[in-house]
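Residue-level structural notes
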Amino acid sequence: DPCGRILYVLDTSADLQGKPRYWPVVGNFPAETFLASHLERGEDSLKVFNTANGIKTTVDITLPDQDTPAEIWNITVENQSDTPRAIKIVPYLEWVLNGGLHDRFHTQYARLFPEMEYVAGANAILAWQKSTKSMGILAVDVSPEGFLTSRMDFIGRAQSIWKPRILETLDFQEPRDTAGYPTFDPIGSLVV
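Presented here is an overview of the structure given in this document. (Residues numbered from 1 in each chain as written. Predicted model: local features only at pLDDT ≥ 70, side-chain atom pairs only at ≥ 80, totals over all residues. Heavy atoms only, no water.)

1. Describing the nonpolar core
Ranked by size, the top nonpolar core spans 29 residues in total, and within it Tyr8, Val90, Phe154 and Ile161 carry the most contacts. Mapped by element, the contributors of at least two residues to this core are β1 (5–11), β2 (22–26), β4 (45–52), β5 (55–62), β7 (87–94), α2 (151–155), α3 (166–169) and β13 (186–191). Sort the elements by how many residues they give to this core and β1 lands first, with five residues. (Core = buried A, V, L, I, M, F, W, Y, C linked by side-chain atoms within 4.5 Å. Buried < 20%, exposed > 50% of the residue type's maximum accessible area, 1.4 Å probe, protein only. Helix = DSSP H or I, 4+ residues; strand = E, 2+ residues; numbered from the N terminus.)

Take a look at the structure:
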C-alpha cells in the first residue's frame, strides 16, 4: 500500500445508522473507496478539506520555520448533522529515518533498526535511527487514548492500510512511558 502519512477520522458513536466507522482525510487513499479531500495551497500552509458522513474535517499544515524539518497539523472537526457524534482522530505515520543510500544496501532490513518509545509527558512517540542519528517524533497537544508503533499491530494479518484491524478493535497500547525498543516495520499512530 503506498502511503507514509494518513489521517483517519474515526466515529465511535453507538448508533452509526449505516455510516462508515472510519475514513481517511489525508493520504494516498483510493478515490473509488473514500470521498476525496480538497487541497488548497496558502501562502504559508497547505489546507486539506474533507466532508464525509456528516463530518467536515479541516487540516491546516504549516512549518514552524524554514529550517526545522517538522510539520504542525492543526485539525478542526465539525459535526454537520443534528445527531451527536463521538469522533476521534487517528494519525498514522510510517517512519523513514535513513537516506536512499542506506536503502540501496539494505532494502528490506534498514527499517529493522529504529528504536521506538512512548513519552507520556510529551504525548509523543519517538523513533531513533542509530545508524543515521535521525529522530522522528509524532506528538499531539493532548494526552491520547492510546498509541501503536508496529505496522502489523495496526493493519493486522491479511488486512490493508485502507481496512486496518486497529480501527475495528481499538486495541491501542495504553499511553504510558516505555523504554526504547527496536521495532520491525515501525510506524507511529495515536488515537485522540
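This is not the end of the story, as more comes after the structure.
2. Section: the pattern of salt bridges
Taken as a whole and judged by the stated rule, the model has seven salt bridges. The partner of arginine 85 in a salt bridge is aspartate 11, and the shortest N-O contact between them spans 2.7 Å. You can see arginine 85 sitting in the loop between β6 (72–79) and β7 and its partner aspartate 11 sitting in strand β1, a full 74 residues away along the chain. You can call arginine 85 buried: its relative accessible area is 18%. Here the residues in one salt-bridge network are Glu94, Arg151 and Asp185, joined through shared partners. (Salt bridge = Lys/Arg side-chain N within 4 Å of Asp/Glu carboxyl O.)

3. What about the packing of aromatic side chains?
In total, this model carries seven aromatic pairs according to the counting rule given. Between the aromatic rings of phenylalanine 29 and tryptophan 162, the centroid separation amounts to 6.2 Å while the plane-to-plane angle is 70°, which identifies the pairing as edge-to-face. On the criterion of sequence distance, the pair formed by phenylalanine 29 in the loop between β2 and β3 (38–41) and tryptophan 162 in the loop between α2 and α3 is long-range, its members being 133 residues apart. A relative accessible area of 12% means that phenylalanine 29 is categorised as buried. Ring geometry for tyrosine 118 against phenylalanine 147: centres 4.6 Å apart, planes inclined by 15°, an arrangement best described as stacked. With tyrosine 118 in strand β8 (residues 115–119) and phenylalanine 147 in strand β11 (residues 146–150), this residue pair connects regions lying 29 residues apart in the sequence. For tyrosine 118, a relative accessible area of 1% gives the class buried. Classification of phenylalanine 147 as buried rests on a relative accessible area of 0%. Here a set of aromatic residues connected by ring pairs shows up, and it is made of Tyr8, Tyr22, Tyr92 and Phe154. (Phe/Tyr/Trp six-rings, centres within 6.5 Å; stacked < 30°, edge-to-face > 60°.)

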